[in-house]
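Residues per chain, in single letters:
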Amino acid sequence: MKTQKNLGIWMDHSTANLIDLNSNKHSQILSEFTFDTKEEALSKSENGMHNKRQQMQEAYYKNIADAILKFENVLLFGPTNAKTELHNYLNTDLHFKNIKIEVKSADKMTDNQQEAFVKKHFEQ
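Attention in this report is confined to the structure presented alongside it. (Residues numbered from 1 in each chain as written. Predicted model: local features only at pLDDT ≥ 70, side-chain atom pairs only at ≥ 80, totals over all residues. Heavy atoms only, no water.)

1. With respect to the overall build of the protein chain
Moving on, step 1. Each helix and strand in the protein chain was counted, giving 4 helices and 5 strands.
Moving on, step 2. Each helix (α) and strand (β) of the protein chain, taken in turn from the N terminus, gives the series β-β-β-α-α-β-α-β-α.
Moving on, step 3. Counting over 124 residues, the protein chain shows a buried share of 38%.
Moving on, step 4. Here the protein chain has roughly 7,900 Å² of accessible surface; of this, 49% comes from carbon and sulfur atoms. (Helix = DSSP H or I, 4+ residues; strand = E, 2+ residues; numbered from the N terminus. Buried < 20%, exposed > 50% of the residue type's maximum accessible area, 1.4 Å probe, protein only. Areas by Shrake-Rupley, 256 points an atom, 1.4 Å probe, with all protein chains shown as cover.)

Put into C-alpha cells, the structure is as follows:
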C-alpha cells in the first residue's frame, strides 16, 4: 500500500510550521511583514502600509503554496484566519485541485502539540 504524502501546517500571519510526518522533517516559513516593516510603511502612509502588507502576505502564501505542491493531503490549522486566507488563495490556483486541503481551528501550541495534532488528524 502506497503511503500518502501528508503535511500539517500550523500557521498564523507571521509563521508557518510545516510538519511532514513521513520524513520527520519540520520546517518553518516566516512572513517578511514584521512589526518593523509595518512601522516603516506606516510612517510613509497608511495606504502604503496596506499595499506593502498585501504584497508581503501574498509572497508568504506563495512560499507556503510552493511547499504544499509536493503533498496529497494538507491540514491547515492555527489560531488566526491566516489558514482560511491561505486556503482561499490556494483555491484560485488549479495546481492545487488534486490536493485535499482541510482547515481546522487550533490554539497556540508547542511543537510537540502541533506534531501530535497532525498525527491524530491523519490517523482518522
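2. Examining the pattern of salt bridges
Moving on, step 1. Enumeration over the complete set of coordinates arrives at 4 salt bridges.
Moving on, step 2. For Asp 66, the salt bridge is made with Lys 62, and the minimal N-O distance between the two is 3.2 Å. With Asp 66 and Lys 62 both in helix H2 (residues 46–68) and 4 residues apart, this pair spans about one turn of that helix.
Moving on, step 3. Notably, a salt bridge pairs Lys 119 with Glu 115, separated by 3.5 Å at the nearest N-O pair. Separated by 4 residues within a single helix, Lys 119 and Glu 115 lie in helix H4 (residues 111–123), roughly one turn from each other.
Moving on, step 4. The class of Lys 119 is partly exposed, set by a relative accessible area of 39%.
Moving on, step 5. Looking at Glu 115, the relative accessible area reads 17%, which means it is buried. (Salt bridge = Lys/Arg side-chain N within 4 Å of Asp/Glu carboxyl O.)

3. Describing the packing of aromatic side chains
Moving on, step 1. Taken as a whole and assessed by the stated rule, the structure comprises 3 aromatic pairs.
Moving on, step 2. Ring plane angle 45° and centroid distance 6.1 Å describe the contact between Tyr 61 and Tyr 89, whose orientation is recorded as tilted. Linking Tyr 61 in helix H2 with Tyr 89 in helix H3 (residues 82–91), this pair joins segments that are 28 residues apart in sequence.
Moving on, step 3. Take Tyr 89: its relative accessible area is 24%, and that puts it in the partly exposed class. (Phe/Tyr/Trp six-rings, centres within 6.5 Å; stacked < 30°, edge-to-face > 60°.)

4. Looking at the side chain of Asp 20
Moving on, step 1. Following the sequence through the fold, Asp 20 ends up in strand E2 (residues 15–20).
Moving on, step 2. Of the polar contacts made by the side chain of Asp 20, one reaches the backbone nitrogen of Asn 22; its length is 3.1 Å.
Moving on, step 3. In this structure the side chain of Asp 20 is engaged in a polar contact, spanning 3.0 Å, whose partner is the side chain of Ser 23.
Moving on, step 4. Contact partners of Asp 20, with chain neighbours within four places excluded, come to Asn 6, Leu 7, Lys 25 and Phe 71. (Polar contact = N/O pair within 3.5 Å; in protein donor to acceptor, adjacent residues only side chain to side chain. Contact = heavy atoms within 4.5 Å.)

5. Examining the environment of Lys 83
Moving on, step 1. Tracing the backbone shows Lys 83 in helix H3.
Moving on, step 2. Taking the relative accessible area as the measure of exposure, Lys 83 reaches 4% and is therefore buried.
Moving on, step 3. Taking the C-alpha atoms as reference points, Lys 83 and Glu 102, 19 residues apart in sequence, are found 9.5 Å from one another.
Moving on, step 4. The residues contacting Lys 83, other than those within four sequence positions of it, are Met 11, Leu 76, Phe 77, Gly 78, Val 103, Lys 104 and Ser 105.

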